[in-house]
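Structural characterization, general
One letter stands for each residue in the lines below.
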Amino acid sequence: MSKLYFIVGSQDLYGEDCLKQVRKDAEEMTAFLSEKLKGKVDVELLPTVETSQICIDNCRNASVDDDCVGVITWMHTFSPAKMWIKGLQELRKPLLHLHTQFNEKLPYDTIDMDFMNLNQAAHGDREYGFILARMNIPHEVVAGFYKHDNVIKKISRFADVAKAIAFSKKLRVATFGNNMRDVAVTDGDRVETQIRYGWETNYYALGDLVKLINGVTDAEIDKKMDEYNSKYTMNTDNIEAVREQAKYEAALDKFIEKKGIGAFTDTFQDLHGMKQLPGIAVQNLMTKGIGFGPEGDYKISAFSALLMKMSEGREGATGFIEDYTYDLTEGQELELASHMLEVPPAFAANKPAIEVHPLSIGDREDPARLVFDGVTGDGIQVTLVDMGDRFRIICADIELVKQPAPMPKLPVARIMYRHKPNFEIGTAAWCYAGGAHHSVVSTALTRDDIAMFARLTGTELITIGDDTTEADLQKFFMK
Ligand code: MN
C-alpha cells in the first residue's frame with residue numbers, strides 16, 4: 001500500500017509537556033486522515049521536528065522509502081524555518097503543506113498564553129510557507145480545518161496526484177518504430193521528459209516483437225479469444241482477423257511483462273512482418289492501464305498511462321483520443337474525436353463490438369477493432385507539448401455528448417464533445433496554445449487534478465473553460 005508521511009513541526013523551546021501534547025494531537029490527526037484515505041493510501045506519522053537533524057532524518061526517510069508517494073507537513077506550534085532548510089533539500093517526494101489546526105474553534109472562555117503557544121499554525125505555517133517559497137520548492141497548500149470535507153477532498157486529490165507522480169517516476173515507455181514521418185507535435189525531448197517526469201523511453205526493434213508474435217501458440221490465442229468473447233460482442237465472420245490481433249496482444253503481454261513496460265507506441269508506417277495494424281490488441285491492453293500512443297507519440301502514451309493511474313478508483317473514463325472532425329452547425333458546434341482504430345474501451349457507452357474493416361491508409365490487411373459510441377458527461381481534454389525550452393500542459397473543460405445521429409458507416413469507436421466556453425473561443429485557445437491533436441480525455445479527472453500535477457512537476461499550464469475570454473487568447477503567445 002502506498003503511504004503519505006505526516007511531518008509535524010515544532011521546536012524544543014516550549015518544554016516537554018507541550019511537545020507531548022503536540023505528539024498526541026498529531027497521532028489523533030494521523031489516525032483521522034488514515035481512516036479518511038483508507039484504500040487509497042496509509043498515513044504514517046514521523047517524529048516531530050524539534051531540531052534540524054530530526055527534519056533531515058525525516059526527509060531522508062521519506063525520500064528513500066519506495067512505498068512513500070508524498071509528504072504532508074504542518075506546523076502545530078511555531079517551528080523556526082531555518083531548521084527545515086537542510087531537510088527540505090533532501091526531500092524528493094511531492095509535498096503538501098497542510099495549513100490547519102488541531103482545534104476547529106477558539107475556546108474564547110478559557111484561552112490563555114499556553115493555548116496560544118501550543119496552537120499557532122497561523123504563525124508557524126507562515127514561517128514555513130516563506131521557506132518553501134524562498135527555496136522554490138514545488139508544493140501544494142491546502143488550508144482549512146483538517147476534518148472539513150473540502151480539506152479532505154483536497155488531501156485525497158493530493159494522494160491521487162502523488163501516486164500518479166510515483167508511477168510516472170518508474171514508468172518505462174517502449175517505442176516500436178519512430179515518430180510518424182514529418183509530424184511535429186507528437187515528437188519531443190526524451191531526455192527532458194526523463195529528467196522531469198521520470199519516463200525511461202526506449203526504442204525496441206519491431207522485428208523482435210514479430211519474433212514473439214510468431215512464437216504465440218494456438219492455446220494462447222484461444223485464451224485471449226475467450227477474454228474478447230466475454231467482454232465484447234463478436235460482430236464479424238472474419239475470425240481469423242480477430243485471432244491475428246489476439247496473437248499480437250498475447251505477444252505484447254509477454255514483452256510488457258519481461259521489460260517492465262507501462263506504456264508503448266507503434267506506427268502504421270512501420271509494421272514490417274505484421275499483417276495488420278494492432279487494433280483490438282491495443283484497445284484491450286488500454287483497459288488494463290497500459291498507456292498507448294499511436295504514430296510514435298511517446299508523450300501521450302506515457303501521459304495517458306499516468307492519468308489513468310491518477311483516476312484509479314474514481315468513477316468515469318480516462319484515455320487517449322485524437323481530434324478528428326467537426327459539426328460546425330452555428331451555435332451547436334460539436335467535435336467528433338476518434339482514431340484509426342485505437343480508441344480506449346473505457347469510453348464505451350455500450351458493449352463494444354468486434355468488427356473487421358479496411359483501414360483506408362497503409363498497405364496491410366483489414367484489422368479487427370472495437371467499435372462503440374462514447375460516454376457522456378462533463379470532462380477535460382488535456383495534452384502535453386514540448387515548447388523547446390519547456391513543456392506545456394493544456395487542459396480544456398469539455399462536455400461529452402451523445403452523438404446526434406447514428407453513423408452506420410463509420411467503422412471506428414468515437415466520442416463527441418462540446419467545447420467551453422464555446423467552439424469559437426475554446427478551439428481557438430487550443431490552437432493558440434499549441435495544443436496537440438493527440439490528447440487524453442477524462443470524465444474522472446478535473447482541471448484541479450491537472451493543475452496540481454502541473455504545480456508539483458513544475459510544468460507550465462494553460463487552462464481553457466468557461467472562464468476563458470476572447471482577451472485571454474492573446475496571452476498564449478507570450479511566455
Ligand atoms: Mn493520430
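Residues numbered from 1 in each chain as written. Predicted model: local features only at pLDDT ≥ 70, side-chain atom pairs only at ≥ 80, totals over all residues. Heavy atoms only, no water.

Here's the deal with the overall build of the protein
The number of helices and strands found in the protein is 14 helices and 19 strands. For the protein, the C-alpha radius of gyration of 25 Å lies close to 23 Å, the compact-globule estimate for 479 residues. The 479 residues of the protein split such that 55% are buried. Partitioning the contacts of the protein with sequence separation of at least 6, the portion at a separation of at least 24 is 78%. Of the roughly 21,200 Å² that the protein leaves accessible, carbon and sulfur atoms contribute 50%. Averaging the coordinates of the 54 positive side-chain charges in the protein and doing the same for the 72 negative ones gives two points 3 Å apart. (Helix = DSSP H or I, 4+ residues; strand = E, 2+ residues; numbered from the N terminus. Rg over C-alpha atoms; globule rule 2.2 N^0.38 Å. Buried < 20%, exposed > 50% of the residue type's maximum accessible area, 1.4 Å probe, protein only. Contact = heavy atoms within 4.5 Å. Areas by Shrake-Rupley, 256 points an atom, 1.4 Å probe, with all protein chains shown as cover. Lys, Arg positive; Asp, Glu negative; His and termini not counted. Charge placed at Lys NZ, Arg CZ, Asp CG, Glu CD.)

A look at the coordination of the manganese ion
Protein ligation of the manganese ion involves E295 (OE), E322 (OE), H339 (NE2) and H438 (NE2), the donor distances falling in the range 1.9 to 2.3 Å. A relative accessible area of 7% places E295 in the buried class. (Donors = N, O, S within 2.8 Å, 3.2 Å for Na, K, Ca; no water.)

Topic: the nonpolar core
One recurring pattern in soluble globular proteins: nonpolar side chains tend to sit buried together. Membership of the largest hydrophobic core comes to 58 residues, with the highest contact counts inside it found for W199, F303, L307, V382 and F453. The two domains that each donate at least three residues to this core are domain 1 (3–166) and domain 2 (172–478). One finds F264, L285, I398 and Y417 within the second-largest nonpolar core, a separate group that totals 55 residues. (Core = buried A, V, L, I, M, F, W, Y, C linked by side-chain atoms within 4.5 Å. Domains from an automatic or database assignment.)

Concerning the packing of helix α6 (residues 149–169) against helix α12 (residues 298–310)
Taken N-terminus to C-terminus, the directions of α6 and α12 make an angle of 145°; their axes are 8 Å apart at the nearest point. Here α6 and α12 pass one another in a crossing that is right-handed. Counting all contacts with α6, which are made through D160, V161, K163, A164, F167 and S168, the residues of α12 involved are A305, L306, K309 and M310. Its residues assigned to classes, the contact of α6 with α12 shows six nonpolar, one polar and three charged. (Axes fitted to C-alpha atoms, helices over the stretch in contact; angles between N-to-C directions. Left-handed = near helix turned anticlockwise from the far one by under 90°. Nonpolar A, V, L, I, M, F, W, Y, C, P; charged D, E, K, R; others polar.)

Some thoughts on a nonpolar patch on the surface
Side chains of L106, Y108, I111, M113 and M116 sit close together on the surface and give an oily, nonpolar patch of about 540 Å² of accessible area. Position of M113 among the secondary structure elements: in helix α4 (residues 113–118). Assessed through its relative accessible area of 53%, M113 is described here as exposed. (Patch = residues over 30% accessible without salt bridge, like charges linked within 9 Å, V, L, I, M, F, W, Y side chains within 5 Å. Salt bridge = Lys/Arg side-chain N within 4 Å of Asp/Glu carboxyl O.)

Observations concerning the pairing of strand β3 (residues 68–75)
Of all eight residues in β3, eight are buried, a share of seventy percent or more. As defined by bridge partners, strand β1 (residues 3–9) adjoins β3 across seven bridges and the pair is classed as parallel. The residue bridging V8 from the neighbouring strand is W74, located in β3. Here β3 runs beside strand β4 (residues 95–99); their pairing, made up of three bridges, is parallel. Following the sheet pairing, V71 is matched in β4 by L95. Taken together, β3, helix α3 (residues 82–90) and β4 form a β-α-β motif whose crossover is right-handed. (Pairing = 2+ DSSP bridges. Right-handed = clockwise from strand over helix to strand, strands pointing away.)

Points about the sheet that holds β4
Two pairing modes exist for strands in a sheet, parallel and antiparallel, and in both the strands are linked by backbone hydrogen bonds. Strand order in this open sheet of five strands is β2-β1-β3-β4-β5, and the pairing throughout is parallel. Both edges of this open sheet fall to β2 (42–45) and β5 (140–143), since each of them pairs with a single strand only. The average angle at which neighbouring strand axes cross in this sheet is 25°, direction not considered. Packed on one face of the sheet, helix α1 (residues 16–36) meets β1, β2 and β3 and runs near 170° to β2.

Side note on the domain arrangement of the protein
In terms of domain boundaries, the protein breaks down into domain 1 (3–166) and domain 2 (172–478). Each side of the interface is counted separately: domain 1 has 13 residues, and domain 2 has twelve residues. In this assembly, domain 1 packs against domain 2 so that about 1,200 Å² is buried in total across both faces, 65% of it on carbon and sulfur atoms. It is E140, R157 and V161 in domain 1 that bury the most area against domain 2; as a group they hold 42% of the surface buried on that side. On the surface where domain 1 and domain 2 come into contact, there are four salt bridges. R455 is paired through a salt bridge with E140; the nearest N and O atoms lie 2.6 Å apart. Joining domain 1 to domain 2, the criterion identifies three residue pairs in polar contact (both at pLDDT 80 or more). (Buried area = accessible area lost by both parts, 1.4 Å probe. Polar contact = N/O pair within 3.5 Å; in protein donor to acceptor, adjacent residues only side chain to side chain.)

Let's talk about the pattern of salt bridges
Per the counting criterion, the structure on display carries 31 salt bridges. Of the charged contacts, one joins R60 and E90 as a salt bridge, the two residues approaching to 2.9 Å between their closest N and O atoms. With R60 in helix α2 (residues 52–64) and E90 in helix α3, the pair connects residues that are 30 residues apart, well separated along the chain. Residue D389 pairs with R390 through a salt bridge whose shortest N-O separation is 2.7 Å. A single network of salt bridges, built from pairs that share partners, joins K40, R157, D160, R314, D448 and D449.

What to know about the sheet that holds strand β14 (residues 368–371)
Ordered in space as β8-β13-β14, the three strands form an open sheet in which the pairing is mixed. For this open sheet the edge positions go to β8 (233–234) and β14, each flanked by a neighbour on one side alone. Both strand β13 (residues 353–356) and β14 contribute to a ladder of four bridges, which runs antiparallel. Residue E355 lies in a different strand from β14, and its bridge partner there is R369.

With respect to unusual backbone geometry
Peptide bonds are, in most cases, trans, and in most cases residues other than glycine have a negative phi. In this structure, P421 follows K420 across a cis peptide bond, with omega equal to 0°. By the secondary structure assignment, P421 is in the loop between β17 (415–419) and α13 (423–432). Phi angles above zero are rare outside glycine, and D182 is one such case at about 75°. On the secondary structure map, D182 appears in the loop between β6 (172–176) and α7 (190–197).

Side note on the side chain of S311
As for its position among the elements, S311 is in the loop between α12 and β11 (318–327). Engagement of the side chain of S311 in a polar contact is seen with the side chain of T318, the distance being 3.3 Å. For S311, the contacting residues outside a window of four places in its chain are T318, A444 and L445.

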